[in-house]
Structures are given as structure tokens and as C-alpha cells.
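Chain residues, written in single-letter form:
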Amino acid sequence: MSATAQKQTVQGVSAAPKKLDIGRLLLEGRAFFALIAIIIFFSLMSPYYFTVNNFLIMSSHVAIFGLLALGMLLVILNGGIDLSVGSTLGLCGVFAGFLMQGVNIEFLGMTFYPSLWVVVVLTCLLGAAVGTVNGVLVAHFKVPAFVATLGTMYVARGIALLMTNGLTYNQLEGKPELGNTGFEWLGFNRLAGIPISVIVLIVVAVLCGLMISRTAFGRWLYASGGNETAADLSGVPIKRVKVTVYLLSGVCAALAGLVLSSQLTSAGPTAGTTYELTAIAAVVIGGAALTGGRGTVRGTILGALVIGYLSDGLVIIGVSAYWQTVFTGTVIVLAVLLNSLQYGTSGKNR
Amino acid sequence: MILAYDNLPTVDEVVLEARNIAKSFGNTHALKGVNFDIHRGQVTTLFGENGAGKSTLMKILSGVITPTSGEIVLDGESILFNNANEARAKGISIIHQELSLAPNMNVRDNIFMGREIIKGGQVDFAEEERQARELMAELEEDIDPLTPLEELRLGQQQIIEIARAISQKSRILIMDEPTSALSAAEVEVLFKVIRDLTTKGVSIVYISHHLEEALTITDHAVVLRDGTMTAYAPRKDINLEWIVRNMVGENFDLGSPPTGYEFGNTALHVKNLVIKDSGGGDYNVVDNLSIDVKAGEIVCVYGLMGAGRSEFMECAAGRLRAQQGHILLGDEDVNKLSIAERIQAGLALVPEDRQKDGLVQTMTVGQNLSLASIGEFTHKLLTSKADEDSLIDESIRAVTVKTSGAEAAIGSLSGGNQQKVVIGKMLATAPKVLLLDEPSRGIDIGAKAEVFKLLAERAKQGLAVVYSTSEVAECLSIAHRIIVMHKGKISAEFDHTASKEQIMAASGESVTH
Ligand SMILES: Nc1ncnc2c1ncn2[C@@H]1O[C@H](COP(=O)(O)OP(=O)(O)OP(=O)(O)O)[C@@H](O)[C@H]1O
Ligand SMILES: [Mg+2]
């Protein structure tokens, strides 16, 4: 039994504590350090940037991207991509606006005004439905995620345009006598000084974080994103996992749609155009691998903050919109570069 | 500069000399000052248990990784390779332990990947195809060069990997476990090719855990143990016992069928199973197969590659669909159950290809080990870290995985230890019937003995074990019963007193050694 004994000593020796490695720390915490750098830079550039009020405003912008990015994270962890979230956001916003106008039911000859909570639930269900279509296409019909969600991206946008004839719903306040007021609550109200939208983001982030790190589903998600056949053979219900992540991504988009139209007090069919790309960028900046299996909620939220605080900062110090685009693009490429640095070394040892 | 092919291989000349090579990965010292010589026109075999550092040393010699310290002397000159291309330019090529092929490309393109034959600014596909055909003929393999790689079985993919290395016409050819998925007949052919190459002056470095097989081809034996070279000898001075003694310190045998208990009821009942060829061929890969395995019984399924062993097991596990027939676990028909439900019911499979089907590369050693038993440590929605850790610790101990800890990346383990993780993962699900497709692939003789001992122990506790192998020696170890498959059918059935020759003859294999 000498061989076994030897193996155990080897185990003991190499389990010694690791040295603190500054380079590694900087690399792994890159999104965090980038965020700190951004905050310091803009605080120096503008006295207005580093104020509580500005942070709250910026954070309520971040909430939109953050919600989309969390849904996107789940899909990307699974090794997929969801290009339809921007359109789903738009469609859901319009749908909510449509419900707020009152639903005319012809054969009853009456108009039905759903209350705010009914609007929220129905809108989330719509988001879930769009997500389910994506998920079923990808999981059961084996359509590549890129193509399937590109398709739903167009279809959802088209339906939004059809529903409004290209126009925007501006009457979202509701009327007290109809019992459907309070829509602007999501976008404007504060709880203990914190905008509701930010609270929604925090709640979704915490739930998401718990789900992917502490539940069986989370483990299934990481496993099927890392190696789907191995996960399948280990008894992971890979199709169910797939459908679920697209469904949840749709729900996140619906929430973002509600928050956005409430913030703007209007619901337009073109809202959220290209937001899917921002969401993907946030996830990538947060250190997730587009190949699946790697990524965290913390990283994604940091990624969303980096993008949000950067673009708002650029606006505040008066940089032109064209330059903003250039800066955002640079940050994304840098992030991917660092991702390949981090995963490149450990991935090549086969 | 000495040209290849001009000298007789009897001249004992060292072409490459590695001096004092050390390599550390963080806290893991994979190599601790190794000296290693490669002789011109001869075969040098590197023996050593899993994680001894064999692959690491070979990756250094072929430029894939750089050593922490030490020197490589080629033709009397000290050199340093920064990457595999530089080594290839100097005539050194390597067949990696884990396949490095592109599954979506065809055989021809895989063989010439990165070295395309260019004529008039374009790839000369016709010439590539001709050469690929020649290579296939040389390796006596009936594979069309235009077949997509993913349609080939694992052994054939390994042949392609070998063909690619041979086609580079290198002076030094390193083969890291080239035969782990090959049948005995294919190994014969490979050895013929190796002998042919050595007469042309090509030097071969060979690594294998099939010790007897390696002894038939090698001229020199080097034993590595825990990153140091513990023994060296020319072929004439050594035998199997010498290798095993130097490798693991004591003589391991693969055990004998466990006795002293009664078998239970039938645990696995397979009746008239028919599986069609998935590649669209008009034949059945498994043809009217019926097997009964009792609780506590160990059955070995022997056969050549393509005999239908993998398909039978994959079908039982729920990965392939059967055309006809029944599979019963106890009295429960598993036909309609998903893979997950079969695992729940107690029917687990350890797949053949650990990279593709066994491991999740992005997860840690621990997460891989616990992957198939997540339900065990999930209480009311949330997973329990403490319960998971104890499950992982138990598994690591049960299959003796050599790792720096449960948090280590799975890719940092040596090939054999990765294999043990795959076995440990399925054992952790507490199965009633465990199917293992080539479980000894890539694991050293000590580990093999440990795995077999573990299986024998579990069998005593009532586990029904079915394992497949292409090594006759492994049939005659712990198995109570040996079933030989040939072209999808059972061609013979033996008890553990059968002889190697009987078993091989029944498999349709010519008895050569
Ligand atoms: N990239 C890496 N990072 C960390 N440790 C590594 C890495 N590659 C190898 N090791 C460690 O180095 C040691 C030697 O590994 P190596 O792959 O050379 O073993 P081996 O002799 O080829 O074993 P096997 O027979 O199982 O293939 C092992 O302990 C392994 O865990
Ligand atoms: Mg190895």
C-alpha cells in the first residue's frame, strides 16, 4: 500500500496556502478596478459627478442594462447568446403601454382597465413567452442560438411596431377613477432614498446569484455550459436548463421594459434598440466567457456599472456622443483581451 | 548534420539529450531534475504511474511548454524551444495523450491541418487526399479521407492523430499513450509502422500503461516516479516485474473475482437488444443481444473496437435509442426513462471518452466529482457546501485522485487522474448497476489495481458491474464472467478460468503474441 500512502503525502504538500499574487489579483478584479478608476477620473473632471444624486441617477440607468445583462449572463453561461432582449424590452414596454390604455373587449362591449400589478405580471408573462420561443427553438429544434434569437429580435420588434403603428404611448399615468395609477412609481419613486429601479435590480441580482451559486439548477447551468454531453451523461436535464435560461432572460427583458417605459413615462416601439449588445458587453466585461461555463453575477453587475458610469460620465463632462461610442468599444475589446489572458493559460494544458 | 535514413539503427547514438529538466506548476513540482536520452533509430519507453510527469516531460521536449530549468541538447547543441512549431522545424513531433483534432473537419484536413500542401497559391486537395489515402493504407485502416472526423469512433480518431504525426516525417516522434483506444490488431499495425520507422533512423519515444505491449516494442526503458527518474535499463535487462517494481514499488496484480458471497437477483436484464448503426449504415451495431447480470456479479465484455460494446452500454444508459429489445433494471423497464432518471434508478455509465463525455473542463475537480449527485446535497432548493465537500472528499479518497485539492482545475490533473474523477463521479451516485466503458483507459497499473479492487469491494456489497476492455489481461482479473462480443453479437461466454487464447480467438482476433 506504499503507493497510496505516497499519494496522500503529495496531496498534503501541495495543498499548502497560495502566495498572494498581485498580478493575478489585478487581473481577476479587473472590472472592479476599472470601476474605481472611472469614478476617480470623472470625479476629478467634474465636481457634479461625485454626488449622491448623480450616483442615484446613474444607477437607475444602470438598472436597465443590469437587468438585461443578468438575463444575458444566464444564457451566456449556458453557452448561448440572446440577441432578442432589446426587442423584447421594446415589445414589453409597448404591451404595458397598451394595457394602460385599457383593453377594449368587443363582445362584452366594455373596456377593461387592468390594475398596475396585473400589467406587471402580464408583461412579465409576455417576456417569458418570447424567451420560451427562443429556448424551444434552440433546445428542441437545434436552431443555433444566434440565429434563433436574431429571428425573434426582428419579429418582436415588428410586432411592437404593428401594435402601435409606429407611434408611442404617452398616457401611462392611468386615472384614479379607473384604479390603474402608479405606473411611474417604478421609474421615479424611491424607497429609503433608493430608486425603485435600483432595488428591482438588486433583488433580481441577489436571486440570480443565489440561483446560480447555491441551487442544483445553477450547477446544471455551469455544467451544461462547460460540456453539454458530459453534463447530459451525468444526468443533467440539459434541454430543460436551456429553455429555462432563455425564459428567464425574457422575463428580465420584460422587467427592464417596464422600468424603462416608466422612467421615460412613455412606451415606444423602438425602445431598447441595440441594448442587447450593451448587455452582452456588460457580461463580457464582467469576466464571463462567451464559450459558456464561466461567469458570475458579481462580475456582470460590475460590468454593467462600468458601462453605465463610463457613458454617463462622458455625457457629464461633455464628450460628444461619437466619442462615447469609441470609448465604450475600447473598453469592451480590452475586457475580452483580459478574459483570454485569464482563461488562456489554464485552458491550454490538455 | 546527420541525415536520417543513412545509418544502421544498431549504432547507439544519442540524438537528443535532456539534462536536469525541472518543471513546476505553482506549488506542484511535476518534474524535479530529470535526465533523458533519445537514441537514434530506437524506441525509448517512458513508464510511470499517473501524474509521474511523463506527459509534462514530453511536452517540454516537443516545445509545447517550457521547462522551469534544465537544458535540451539536440545533435550536440543546446537549444530552447519556445513553441511546438520550433520543435517541429527541428524534426520533433508529438502525438498528444488527449486528442487534438478538429471534429468538424474531415480526416484529410485534420491530417494536414496547419501544414496544407500549397500549389499555385491554393491548397492542393487532390495531393493531400492521395497522401492521406496512402497513410490510411499504411496503417491498414479502412477510412475514407473525406469522412468527417466526428463520425469516427475514438480508436479511429487516435489512428488519425498517429497518421498526422507520421506524415510530418520527423526524426523524433513522441507518442504519448497512442494505443489507449486501439484494438489489439490496430496496435499490431502500429508496431509494424514503428519498426519500419526505426529502421529508417527515426527515434521513437513511447508512453503506455499497457506494459506488456510496450515491452514488445521498446529498446530502452525509463521509469519516472514523482518527477524523478528512478530507473533506466536497456530492453535485454528488464521484464514486466522490473517495470512494475520500479513504477509502483511492489508487485500489483489486477486481483481475482471476489468470492465468499451469493449473487443477488438479476440486476440488469437485457433481452434481444438491437441497435442500428448511427452513421446510417445498413447493419446493426448491436444485434439481438441478451445479457443478464446479477447483483454482486462482475461481467467483463471483451471485443475488438467496433464490436458493439460501447453502443450496448450507451444504449443501456439512455444515450442511444434501441431499435428493438428490452432493458430492465431489476424489474423496472428503463426504456422510457431519461438518462437522469436511469441514474436515479441506479443505472450509471462511465463513458469511454473522458474529454468529450466525461469531464466539464470549466469546473473544478470537486464540482466534476459531485456533478452526477447534486440531488444528494441539495436540501429544500439550496445546495449544502458542507455536504458537498464531504461527498467530494469521500470520492477523492475512494478512487485516490492525486490532486492539489478539490478546488484545482480539472485540466491540471494528469490523464489517469482525470479518468479516476470520471469513475468517482458515477460511483458517488450509489448505483445498483455500473457500466464502465474501457475504465482502465490511461490509468497506470497501480491505479488500475485500485479501481478493480474498488469495483470488487462494491460488488461484494451488491453492485452489479459490467466493464469493457480491449486488454485480455484485464478480462482475467476480477470478472466472474467474460462475454466476448463480435460484430454486435455475443460470440462466446467464459468463466474466469478461461485462457487468453480462448478469449482472443472468440473475438475474431488472430492470436499473435
Ligand atoms: N497545467 C498544469 N497545471 C498544474 N499542474 C499540472 C499541469 N499539468 C500537469 N500538472 C501536474 O503535474 C504532474 C505530472 O503530470 P503529467 O500529466 O505529466 O503526468 P503523467 O505522467 O503524464 O500521468 P498520466 O499517466 O496520468 O498521463 C501531475 O501532478 C499534474 O497534476
Ligand atoms: Mg500523461
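Since this is a predicted model, take the numbers as computed values, not measurements. By convention here, each chain's residues receive numbers from 1 onward along its written sequence. Chains carry letters from A onward and ligands carry numbers from 1 onward, assigned in written order. Owing to the predicted nature of the model, reporting of local features is limited to residues with pLDDT of at least 70; listing and counting of side-chain atom pairs is limited to 80 or more, with chain, interface and lining totals taken over all residues. With hydrogens and water stripped out, all remaining heavy atoms of the structure feed into the side-chain values.

(A) Molecular detail of the site of ligand 1. Only heavy atoms are used to decide nearness, and a residue is near a molecule or strand if one of them lies within 4 Å of it. Around ligand 1, 20 residues are found, and the nearest of them are Lys54(B), Ser55(B), Thr56(B), Ser412(B) and Gly416(B). More than a single chain frames ligand 1: its nearby residues are located in chains A and B. Polar contacts, as counted here, are pairs of nitrogen or oxygen atoms within 3.5 Å of one another; within protein the pair requires one atom able to donate a hydrogen and one able to accept it, and residues that are adjacent in sequence qualify only if both atoms are side-chain atoms. Take Ser414(B): an N or O atom from its side chain is 2.9 Å from an oxygen atom of ligand 1. Between Gly415(B) and ligand 1, the recorded distance is 3.4 Å, taken from a backbone N or O atom to an oxygen atom. When the free accessible area of ligand 1 is taken as 640 Å², the share hidden by the protein chains comes to 89%. Only strand E2 (28-39), helix H1 (54-61) and helix H14 (415-427) of chain B provide two or more residues apiece to the shell around ligand 1. A helix here means a DSSP run of H or I that spans at least four residues, while a strand means a run of E at least two residues long, and both kinds are numbered starting from the N terminus. For the shell around ligand 1, the element with the highest residue contribution is H1(B), accounting for 3 residues. Per-residue accessibility takes into account occlusion by the displayed protein chains alone, with areas from the Shrake-Rupley method and a 1.4 Å probe.

(B) Representation of unusual backbone geometry within the structure. Non-glycine residue Asn165(A) carries a positive phi angle of around 60°. Its location among the elements puts Asn165(A) in the loop between helix H7 (145-164) and helix H8 (185-188). Positive phi is not limited to glycine here, since Leu381(B) has a value of about 80°. Leu381(B) sits in the exposed class, given a relative accessible area of 68%. Exposure is judged per residue with a 1.4 Å probe applied to protein chains only, and the accessible area is read against the type maximum: over 50% gives exposed, under 20% gives buried, and values in between give partly exposed.

(C) Highlighting helix H14 (residues 297-316) of chain A. Residues and elements named next belong to chain A. With 20 residues, H14 should cover 28 Å at 1.5 Å per step; its first-to-last C-alpha distance of 28 Å lies within 8% of that length. When you tally the buried positions in H14, you get 17 out of 20 residues, the bulk of the element. Capping the start of H14 is the job of one residue whose side-chain oxygen sits 3.1 Å from the backbone nitrogen of Gly299: Thr296. Following H14 by one or two positions, Gly318 adopts a phi angle in the positive range, close to 80°. Here a helix's expected span is defined as the number of its residues, less one, multiplied by 1.5 Å.

(D) Examining the sheet that holds strand E1 (residues 14-25) of chain B more closely. Residue and element names in this part refer to chain B. At least two DSSP bridges between two strands are required for those strands to pair. Read from one edge of the open sheet, 4 strands run E2-E1-E4-E5, paired in antiparallel fashion. Whereas interior strands pair on both sides, the edge strands pair on one side only; in this sheet they are E2 and strand E5 (77-79). Shown here is a sheet whose adjacent strand axes are inclined to one another by a mean of 25°, direction ignored. Pairing geometry for E1 and E2, over 9 bridges, is antiparallel. Residue pairing for E2: Phe25 is matched across the bridge by Thr28. For helices, the fitted axis covers only the stretch in contact; all axes are lines through C-alpha atoms, and the angles between them, taken along N-to-C directions, range from 0 to 180 degrees.

(E) Focus on the nonpolar core. Among buried residues, those of type Ala, Val, Leu, Ile, Met, Phe, Trp, Tyr and Cys that are joined through side-chain atoms within 4.5 Å constitute a nonpolar core. Formed by 100 residues in total, the largest nonpolar core has its most connected members in Leu67(A), Leu70(A), Ile212(A), Leu221(A), Val297(A) and Tyr309(A). The leading source of residues in this core is helix H4 (residues 52-77) of chain A, at 15 residues. Should any heavy atoms of two residues lie within 4.5 Å, those residues are considered in contact. If near-sequence neighbours (up to four positions away) are discounted, Tyr309(A) is found in contact with Leu35(A), Ile38(A), Ile39(A), Phe42(A), Tyr49(A), Phe55(A), Met58(A), Ser59(A) and Val62(A). Residues Ala317(B), Leu329(B), Leu436(B) and Ile443(B) belong to the second largest nonpolar core, which totals 82 residues.

(F) Up close: the interface of chain A and chain B. Listed by partner, the interface residues are 36 residues for chain A and 47 residues for chain B. Among the ionic pairs, Arg219(A) bridges to Glu388(B), the shortest N-O distance being 2.7 Å. There are 8 residue pairs in polar contact (both at pLDDT 80 or more) connecting chain A and chain B. Of all the elements in the fold, those that place two or more residues in the side of chain A that touches chain B are helix H1 (2-14), helix H9 (196-214), helix H10 (216-226) and helix H11 (228-233) of chain A. In terms of residue count, H1(A) provides more of the side of chain A that touches chain B than any other element does, 9 residues in total. Class assignment for the residues of the side of chain A that touches chain B results in 14 nonpolar, 16 polar and 6 charged. One speaks of a salt bridge when a side-chain nitrogen belonging to Lys or Arg is within 4 Å of a carboxyl oxygen belonging to Asp or Glu. Only Asp, Glu, Lys and Arg are considered charged, only Ala, Val, Leu, Ile, Met, Phe, Trp, Tyr, Cys and Pro nonpolar, and every remaining residue, Gly among them, polar.

(G) View of the coordination of the magnesium ion (ligand 2). Residues and elements named next belong to chain B. Each metal's donors are the N, O and S atoms found within 2.8 Å of it, except that Na, K and Ca use a 3.2 Å limit; water is left out, so coordination can look incomplete. Binding of the magnesium ion (ligand 2) to the protein goes through Ser55 (OG) and Gln97 (OE1), at separations of 1.9 to 2.2 Å. Placement of the pair is Ser55 in helix H1 and Gln97 in the loop between strand E6 (92-95) and helix H3 (107-111), with a sequence separation of 42 residues. Given a relative accessible area of 12%, Gln97 falls into the buried group.

(H) Structural context of the domain arrangement of chain B. Residues and elements named next belong to chain B. Each domain's limits were defined by an automated method or a database of domain assignments. Here chain B is described as being made up of domain 1 (14-248), domain 2 (266-346 + 434-443 + 464-512) and domain 3 (356-430). Averaged C-alpha coordinates put domain 2 and domain 3 at centres separated by 26 Å. Taken together, the contact between domain 2 and domain 3 spans 9 residues of the former and 10 residues of the latter. Throughout, buried area stands for the accessible area (probe radius 1.4 Å) lost by two parts on being put together, summed over both. Regarding the contact of domain 2 and domain 3, the summed buried area is about 680 Å², with carbon and sulfur atoms giving 64% of it. Considering only the side of domain 2, the residues that lose the most area to domain 3 are Ile343, Leu434 and Ile443, jointly responsible for 52% of the buried surface there. Linking domain 2 with domain 3 are 1 salt bridge, by the criterion used here. With a shortest N-O distance of 3.1 Å, Arg319 and Asp357 are connected by a salt bridge. Here the side of domain 2 that touches domain 3 is built from residues that sort into 5 nonpolar, 1 polar and 3 charged.

(I) Here's a closer look at the packing of aromatic side chains. Residue and element names in this part refer to chain A. Under the pairing criterion, centres of Phe, Tyr and Trp rings, with the six-membered ring standing for Trp, must be within 6.5 Å; the plane angle then separates stacked pairs below 30 degrees from edge-to-face pairs above 60, leaving the rest tilted. Overall, the coordinates contain 11 aromatic pairs over all chains when judged by the stated rule. Arranged with centres 5.1 Å apart and planes meeting at 80°, the rings of Phe41 and Phe42 form a pair that is edge-to-face. Phe42 sits in the buried class, given a relative accessible area of 2%. Judged by centre distance (5.5 Å) and plane angle (65°), the ring pair of Phe55 and Tyr309 falls under edge-to-face. Taken together, the residues Phe55 in helix H4 and Tyr309 in helix H14 connect sequence positions 254 residues apart.

(J) Molecular detail of the packing of helix H6 (residues 116-139) of chain A against H7(A). All names here are of chain A. Following both chains from N to C, one finds H6 and H7 inclined at 150°, their axes separated by 9 Å at the closest point. Here H6 is positioned roughly antiparallel relative to H7, judged by the angle of their axes. Two packed elements cross with a definite hand, and for H6 against H7 that hand is right-handed. Where H6 abuts H7, its residues Val133, Asn134, Leu137 and Val138 lie against Ala145, Ala148, Thr149 and Thr152. When describing relative orientation, an angle under 35 degrees is termed roughly parallel and one over 145 degrees roughly antiparallel, while 65 to 115 degrees is termed roughly perpendicular and anything else oblique. Each crossing gets its hand from how the near helix is turned against the far one by less than a right angle, where anticlockwise is left-handed and clockwise is right-handed.

(K) View of the sheet that holds strand E13 (residues 266-276) of chain B. Residues and elements named next belong to chain B. Taking strand neighbours across the sheet as the criterion, the 4 strands line up as E14-E13-E16-E17 in an open arrangement whose pairing is antiparallel. Lying at the two open borders of the sheet, with one neighbouring strand each, are strand E14 (284-294) and strand E17 (332-333). Strand direction decides the pairing type here: strand E16 (residues 324-329) and E17, joined by 2 bridges, are antiparallel. Note that in E17 the partner of Leu329 across the bridge is Glu332. In this fold helix H9 (residues 309-317) packs onto E13, E14 and E16, with an angle of close to 115° to the strand it touches most, E13.

(L) Broad picture of the confidence of the model for chain A. Residues and elements named next belong to chain A. Values of pLDDT, ranging from 0 to 100, describe the predictor's confidence in every residue of the model. Taken as a whole, chain A shows an average pLDDT of 86; of its residues, 91% reach a score of 70 or greater. When the criterion is pLDDT under 50, residues 1-19 qualifies, and its contacts beyond four places in sequence or with other chains add up to 25 contacts. Taken as a whole, residues 345-350 scores under 50 in pLDDT and shows 6 contacts with residues more than four places along the chain or in a different chain.

(M) How the structure looks around the pattern of salt bridges. Residues and elements named next belong to chain B. This structure, assessed with the given rule, holds 30 salt bridges over all chains. Where Arg130 meets Glu127, a salt bridge forms, and the shortest distance between an N and an O atom there is 2.9 Å. On the criterion of helical spacing, the pair formed by Arg130 and Glu127 is a turn pair, its members being 3 residues apart in helix H4 (residues 125-138). Across the pair Arg245 and Glu241 runs a salt bridge, and its minimum N-O distance is 3.2 Å. Here the residue Arg245 and the residue Glu241 both occupy positions in helix H8 (residues 240-248), the gap between them amounting to 4 residues, near one helical turn. Look at the salt bridges and you will find they share partners, linking Glu314, Arg319, Lys356 and Asp357 into a network.

(N) Representation of the side chain of Ser261(A). Residue and element names in this part refer to chain A. If you trace the backbone, Ser261 turns up in helix H12 (residues 238-264). Here the side chain of Ser261 touches Leu258 through a polar contact of 3.4 Å, landing on its backbone oxygen. In contact with Ser261, other than residues within four places in its own chain, are Gly93, Leu172, Phe183, Ser266 and Ala267.

(O) Structural view of a nonpolar patch on the surface. All names here are of chain A. For patches, a residue must show more than 30% relative accessible area and have no salt bridge; joins then use 9 Å for like charges and 5 Å for nonpolar side chains, namely Val, Leu, Ile, Met, Phe, Trp and Tyr. Side chains of Ile22, Leu26, Phe32, Phe33, Ile36, Ile40 and Leu44 sit close together on the surface and give an oily, nonpolar patch of about 700 Å² of accessible area. Counting residues per element, the ones that place at least two in the nonpolar patch are helix H2 (22-28) and helix H3 (30-45). At 5 residues, the largest contribution of residues to the nonpolar patch is made by H3. Here Leu44 shows up in helix H3. You can call Leu44 exposed: its relative accessible area is 71%.

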